[in-house]
Amino acid sequence: MSKQHTYRATVEWTGNLGSGTSSYTAYSRDYTVQIAGKPDLFGSSDPAFRGDEHRHNPEDMLLAAVSACHKLWYLHLCSAAGITVTAYTDHAEAVMDEGSRTQPGRFVKATLRPQVTITQAQHIEQAKALHHEAHRLCFIANSLNFEVECECEIVVE
């Protein structure tokens, strides 16, 4: 049997402007995510859905989660392979289709674009290949029902 982990978060809607959800425009989409021992995260819906552009939205957080999970696995794999990574920046992007009256909306694709700096030129090809293994191992990517691509760039310090 595999080992299981449990995560807990409290998501509290903070957008009652006085009359609750009495109409589509009567309430704010703001919420607070609380996770014990960590700073609160202030969220809203995407501005396209009447949300606050200055707060994180679920779509942002989903993309950030898959990018961060990939990065963490990648750094682990490089460390285990003796590849020294000195910088990692991912300019990730995801595409969501709003759907229609008969089809619900969904993400259709995400593209990770990590720019990785390593210390030794002889490891460039292996460093590129480890992105495939990181994707295979990523808990978040394994939980998604849409394509996640990785277009990496490896440079030597």
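Rules behind the numbers
Residues numbered from 1 in each chain as written. Predicted model: local features only at pLDDT ≥ 70, side-chain atom pairs only at ≥ 80, totals over all residues. Heavy atoms only, no water. Helix = DSSP H or I, 4+ residues; strand = E, 2+ residues; numbered from the N terminus. Buried < 20%, exposed > 50% of the residue type's maximum accessible area, 1.4 Å probe, protein only. Pairing = 2+ DSSP bridges. Axes fitted to C-alpha atoms, helices over the stretch in contact; angles between N-to-C directions. Contact = heavy atoms within 4.5 Å. Domains from an automatic or database assignment. Buried area = accessible area lost by both parts, 1.4 Å probe. Salt bridge = Lys/Arg side-chain N within 4 Å of Asp/Glu carboxyl O. Polar contact = N/O pair within 3.5 Å; in protein donor to acceptor, adjacent residues only side chain to side chain. Nonpolar A, V, L, I, M, F, W, Y, C, P; charged D, E, K, R; others polar.

## Some points on unusual backbone geometry
Okay, so step 1: At Arg-50, a position not held by glycine, the phi torsion is positive, near 70°.
Okay, so step 2: Within the secondary structure, Arg-50 sits in the loop between β3 (41-43) and α1 (58-81).
Okay, so step 3: Assessed through its relative accessible area of 42%, Arg-50 is described here as partly exposed.

## What about the sheet that holds strand β5 (residues 93-97)?
Okay, so step 1: Strand order in this open sheet of three strands is β5-β6-β8, and the pairing throughout is mixed. Since the sheet does not close on itself, it has two edges, and those belong to β5 and β8 (147-150), each with one partner. Neighbour to neighbour, the strand axes of the sheet diverge by 15° on average, direction disregarded.
Okay, so step 2: In the packing of α1 onto the sheet, contacts are made with β5, β6 (106-112) and β8, and the angle to β6 comes to roughly 40°.

## Thoughts on the domain arrangement of the chain
Okay, so step 1: With domains assigned, the chain is organised as domain 1 (8-47) and domain 2 (56-154).
Okay, so step 2: Measuring from the centre of the C-alpha atoms in domain 1 to the corresponding centre in domain 2 gives 28 Å.
Okay, so step 3: In this complex, domain 1 contributes seven residues to the contact, which on the side of domain 2 involves five residues.
Okay, so step 4: Between domain 1 and domain 2, a total of about 430 Å² is buried, with carbon and sulfur atoms accounting for 55% of that surface.
Okay, so step 5: When the buried area of domain 1 at its contact with domain 2 is split by residue, Tyr-31, Leu-41 and Asp-46 rank highest and sum to 65% of it.
Okay, so step 6: Between the two partners, domain 1 and domain 2, sit zero salt bridges.
Okay, so step 7: There are two residue pairs in polar contact (both at pLDDT 80 or more) connecting domain 1 and domain 2.
Okay, so step 8: Considering each element in turn, the side of domain 1 that touches domain 2 owes the most residues, three residues, to β3.
Okay, so step 9: Partitioned by chemical class, the residues of the side of domain 1 that touches domain 2 number three nonpolar, three polar and one charged.

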